[in-house]
Amino acid sequence: MALSGLGLTTTISHSADYAVYEEHSPETKPMQPGGNLRTLNRVITQTGDAIHLDTETGIVSLKAGTYRISGVSVVTYFDAKADTDGRVSAAARPNASYAMLLHPGKASRDVEPLALGTVATANMVPSLVDTLLTFDQDTQIVLMHQAGRDVEGIYLEVYVDNSDKHVMARLVIQKLE
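All of the points below concern the structure found in this document. (Residues numbered from 1 in each chain as written. Predicted model: local features only at pLDDT ≥ 70, side-chain atom pairs only at ≥ 80, totals over all residues. Heavy atoms only, no water.)

1. Quick word on the nonpolar core
How we decide: Side-chain atoms within 4.5 Å are what join buried Ala, Val, Leu, Ile, Met, Phe, Trp, Tyr and Cys residues into a set we call a nonpolar core. Between buried and exposed lies partly exposed: a residue is buried under 20% and exposed over 50% of the maximum accessible area for its type, with that area taken using a 1.4 Å probe on protein chains only. Helix and strand labels come from DSSP, where a helix needs a run of H or I of at least four residues and a strand needs a run of E of at least two; each type is numbered from the N terminus. Residues count as neighbours in contact if any of their non-hydrogen atoms are within 4.5 Å of one another.
Among the nonpolar cores identified, the biggest contains 21 residues, and I51, V60, L62, I69, L101 and I173 are the most heavily contacted of them. Secondary structure elements with two or more residues in this core: strand 1 (18-24), strand 5 (51-54), strand 6 (59-62), strand 7 (65-73), strand 9 (96-102), strand 12 (127-135), strand 13 (139-146) and strand 15 (167-175). Ignoring sequence-local partners within four residues, the contact set of I69 consists of L62, L101, V129, D130, T131, L133, I141, L171, V172 and I173. With 8 residues, the next largest nonpolar core counts V75, A122, A147 and V151 among its residues.

As structure tokens, then:
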């Protein structure tokens, strides 16, 4: 954009590499103890060639560079027999949980995540991730969510009312440089 009316000539450039990916719920999927992969399965928007999603695995490939990554991950209590009307169950004392960004195959209590999300609960309170990451070489990342060891009744995805429009997780990624 030129500011010639003010006697200034400045060019503002914007990164052309960005993407928004979501995990919709095509099924009802219970959580497993420990880290659970968020299978991002929808490309909402994607521009440029630095960011790519494999919708089968949920793996995001990034070219070397610096990225702003924001995301959200939700888990919920669900009773398939009682919650047939689109509502979900709640727990008086819900499990604490959080999202995290990791390299694929690295989910372990011994591995430091690339970024941790805010502490949330399994009562559909989202865990939020907002970070800046720099990678010196091309890399891959995944979004995970954990809610401890006792996850009975907690679900990563809920499919009710024949709707796969329940967005359970989202990543917004912008390449900065």
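Anyway, onward from the coordinates.
2. Structural notes on the environment of L53
Locating L53 in the fold gives a position in strand 5. Residue L53 is classed as buried on the basis of its relative accessible area, which comes to 5%. Apart from residues no more than four positions distant in its own chain, L53 is found in contact with Y21, L40, R42, V43, Q46, G58, I59 and V60.

3. Things to note about the environment of K175
As for its placement among the helices and strands, K175 is situated in strand 15. Classification of K175 by relative accessible area gives buried; the value is 15%.

4. Details of the sheet that holds strand 4 (residues 42-47)
Selection rule: Pairs of strands are assigned from DSSP output, requiring at least two bridges between the strands. With axes taken as lines fitted to C-alpha atoms, and helix axes fitted only over the stretch in contact, angles between N-to-C directions fall between 0 and 180 degrees.
With antiparallel pairing, 5 strands are arranged side by side in an open sheet as 4-1-15-7-12. If you trace the sheet from one side to the other, it starts and ends with strand 4 and strand 12, each paired once. The sheet shows a mean angle of 10 degrees between the axes of neighbouring strands, taken without regard to direction.

5. Section: the sheet that holds strand 8 (residues 76-77)
In space, the 3 strands of this open sheet follow the order 2-14-8, with antiparallel pairing throughout. Only two strands of the sheet have a single neighbouring strand rather than two, namely strand 2 (29-30) and strand 8. The sheet contact formed by strand 2 and strand 14 (residues 154-157) spans 2 bridges and is antiparallel. Of the residues in strand 14, the one forming a bridge with P30 is Y155.

6. Quick word on the pattern of salt bridges
Rule in force here: Salt bridge, as used here, is a side-chain nitrogen of Lys or Arg placed within 4 Å of a carboxyl oxygen of Asp or Glu.
Counted by the stated rule, this structure contains 4 salt bridges. Between E23 and R38 there is a salt bridge, with the nearest N and O atoms lying 2.4 Å from each other. Taken as a pair, E23 in strand 1 and R38 in the loop between strand 3 (35-37) and strand 4 lie far apart in primary sequence, 15 residues in all. Residue class for R38 comes out buried when judged on its relative accessible area of 0%. Between D130 and R68 there is a salt bridge; the shortest N-O distance is 2.8 Å.

7. Quick notes on the packing of aromatic side chains
Here is the rule we go by: The pairing test for Phe, Tyr and Trp rings, Trp by its six-membered ring, is centres within 6.5 Å, and the orientation test on the planes gives stacked under 30 degrees, edge-to-face over 60, and tilted for anything in between.
Inspection of every chain in the model, using the stated rule, returns 2 aromatic pairs. Consider the rings of Y67 and F135, whose centres lie 6.4 Å apart with planes at 50 degrees: the pair is tilted. On the criterion of sequence distance, the pair formed by Y67 in strand 7 and F135 in strand 12 is long-range, its members being 68 residues apart. We classify F135 as buried; its relative accessible area is 9%. Ring geometry for F78 and Y155: centres 5.5 Å apart, planes at 80 degrees, overall edge-to-face. Note that F78 is positioned in the loop between strand 8 and strand 9 and Y155 in strand 14, a separation of 77 residues in sequence. Each member of the pair F78 and Y155 is classed as buried.

Geometry only, nothing functional implied.
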